[in-house]
Amino acid sequence: MMDKLQGYFGLSKTPFGRGLAPAMLHRHAAHSEAIARIAWCVAERALGVVTGEVGVGKTAATRAAIFGLDPARHIAIYLGNPDVGVRGIHTAIVTALGGVPKNQKATLIPQASDMLATEQAERGRTPVLVIDEAHMLAHDQLESVRMLTNFDMDSSSPFATLLIGQPTLKRKIKLGVLAALVI
């Protein structure tokens, strides 16, 4: 069926596949606004939350924004499945930054924090932690991400964080116990 459609329209590949390059995505106002907001979060090394219903293009907009970053000045750390626990988040950070994760959680957490700071201070690259499907994050994972952003007595952050998820994420972080995430 796809062969017939491609032949009829003279296409060399499926026009709406998941593997489209970010430059090939349709630019509409909401998509462009999402990219601009994500870019602002990265530039400010802030914690950003992108929510929307299934299929609206949250991940596509994030991919386009990350694609537009200068790889000499940024490094993306993408976690597509947050069902890895607190340890898994820190392990992903350390591994993406070229380290070997420490075995004990008590040493792994400061290792991840130090590597994020070192990447920014010594290499001049801003790490961008992207957690997709963030509506699945448990309270302890959200709190752990927040604690990573608590750097230099909370006066700055050496990295940007993007939490991408369904609308339940917005409701979850508005809870009193997670209020510090949105301040």
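Residues numbered from 1 in each chain as written. Predicted model: local features only at pLDDT ≥ 70, side-chain atom pairs only at ≥ 80, totals over all residues. Heavy atoms only, no water.

Caption draft 1: Geometry of the overall build of the protein. Within the protein, the regular secondary structure consists of 7 helices and 4 strands. Secondary structure elements in the protein, listed N-terminal to C-terminal, are α-α-β-α-β-α-α-β-α-β-α. Buried residues in the protein amount to 37% of all 183 residues. Pairs at least 24 apart in sequence give 69% of the contacts found in the protein among residues at least 6 apart. Working note: accessible area of the protein is about 10600 Å², and carbon and sulfur atoms make up 57% of it. (Helix = DSSP H or I, 4+ residues; strand = E, 2+ residues; numbered from the N terminus. Buried < 20%, exposed > 50% of the residue type's maximum accessible area, 1.4 Å probe, protein only. Contact = heavy atoms within 4.5 Å. Areas by Shrake-Rupley, 256 points an atom, 1.4 Å probe, with all protein chains shown as cover.)

Caption draft 2: Here's a closer look at the sheet that holds strand 3 (residues 126-131). In space, the 4 strands of this open sheet follow the order 1-4-3-2, with parallel pairing throughout. If you trace the sheet from one side to the other, it starts and ends with strand 1 (47-51) and strand 2 (74-79), each paired once. Pairwise comparison of adjacent strand axes, ignoring direction, gives a mean angle of 15° for this sheet. Two strands pair when backbone bridges link them, and strand 1 and strand 4 (residues 160-165) are joined in this way by 5 bridges, in the parallel orientation. Looking at strand 4, one finds that Val50 is bridged to Ile164. Sitting on the sheet, helix 2 (residues 29-44) is in contact with strand 1, strand 2, strand 3 and strand 4, with an inclination near 150° to strand 4. Packing of helix 5 (residues 105-121) onto the sheet brings it into contact with strand 2 and strand 3, and relative to strand 3 it is tilted by some 135°. (Pairing = 2+ DSSP bridges. Axes fitted to C-alpha atoms, helices over the stretch in contact; angles between N-to-C directions.)

Caption draft 3: Layout of helix 5. Taking 1.5 Å of rise per residue, the 17 residues of helix 5 would be expected to cover 24 Å, and the 24 Å separating its terminal C-alpha atoms lies within 8% of that figure. Taken residue by residue, helix 5 has Leu108, Gln111, Ala112, Met115, Leu116, Ala117 and Glu119 as its buried positions. (Expected span 1.5 Å × (residues − 1).)

Caption draft 4: Molecular detail of the packing of helix 4 (residues 85-96) against helix 6 (residues 139-149). In contact at an axis separation of 8 Å, helix 4 and helix 6 are set at 35° when each is read in the N-to-C sense. At the point where helix 4 passes helix 6, the crossing takes the right-handed sense. Mapping the contact onto sequence places Gly85, Val86, Ile89, His90 and Ile93 in helix 4 and Asp140, Gln141, Ser144, Val145 and Leu148 in helix 6. Here the residues of the contact of helix 4 with helix 6 are counted per class, giving 5 nonpolar, 4 polar and 1 charged. (Left-handed = near helix turned anticlockwise from the far one by under 90°. Nonpolar A, V, L, I, M, F, W, Y, C, P; charged D, E, K, R; others polar.)

Caption draft 5: Representation of helix 6. Listed in full, the buried residues belonging to helix 6 are Gln141, Leu142, Ser144, Val145, Leu148 and Thr149. When helix 6 is viewed along its axis, its buried side chains cluster within an angular range of 160° and face the same direction. Residues of helix 6 that are buried in the fold lie against strand 1, helix 4, helix 5, strand 3, strand 4 and helix 7 (167-173). (Arc of directions from axis to C-beta.)

Caption draft 6: Inspection of the packing of helix 2 against helix 3 (residues 58-67) at higher detail. Closest axis-to-axis distance for the helix 2/helix 3 pair is 9 Å, and the angle between their directions is 55°. The orientation of helix 2 relative to helix 3 falls into the category oblique. Relative to helix 3, the crossing made by helix 2 is right-handed. Where helix 2 abuts helix 3, its residues His31, Ala34, Ile35 and Ile38 lie against Ala60, Ala61, Thr62, Ala64 and Ala65. (Parallel < 35°, antiparallel > 145°, perpendicular 65-115°, else oblique.)

Caption draft 7: Spotlight on the pattern of salt bridges. Counted under the stated rule, the structure contains 4 salt bridges. A salt bridge links Arg37 to Glu33, with the nearest nitrogen and oxygen atoms 2.7 Å apart. Here Arg37 pairs with Glu33, and both are found in helix 2, just 4 residues apart, close to one helical turn. Residue classification places Arg37 among the exposed residues on the basis of a relative accessible area of 56%. Note that Arg125 and Glu119 form a salt bridge whose closest N and O atoms lie 2.7 Å from each other. Each of Glu119, Arg123 and Arg125 takes part in salt bridges that share partners, so that together they form one network. (Salt bridge = Lys/Arg side-chain N within 4 Å of Asp/Glu carboxyl O.)

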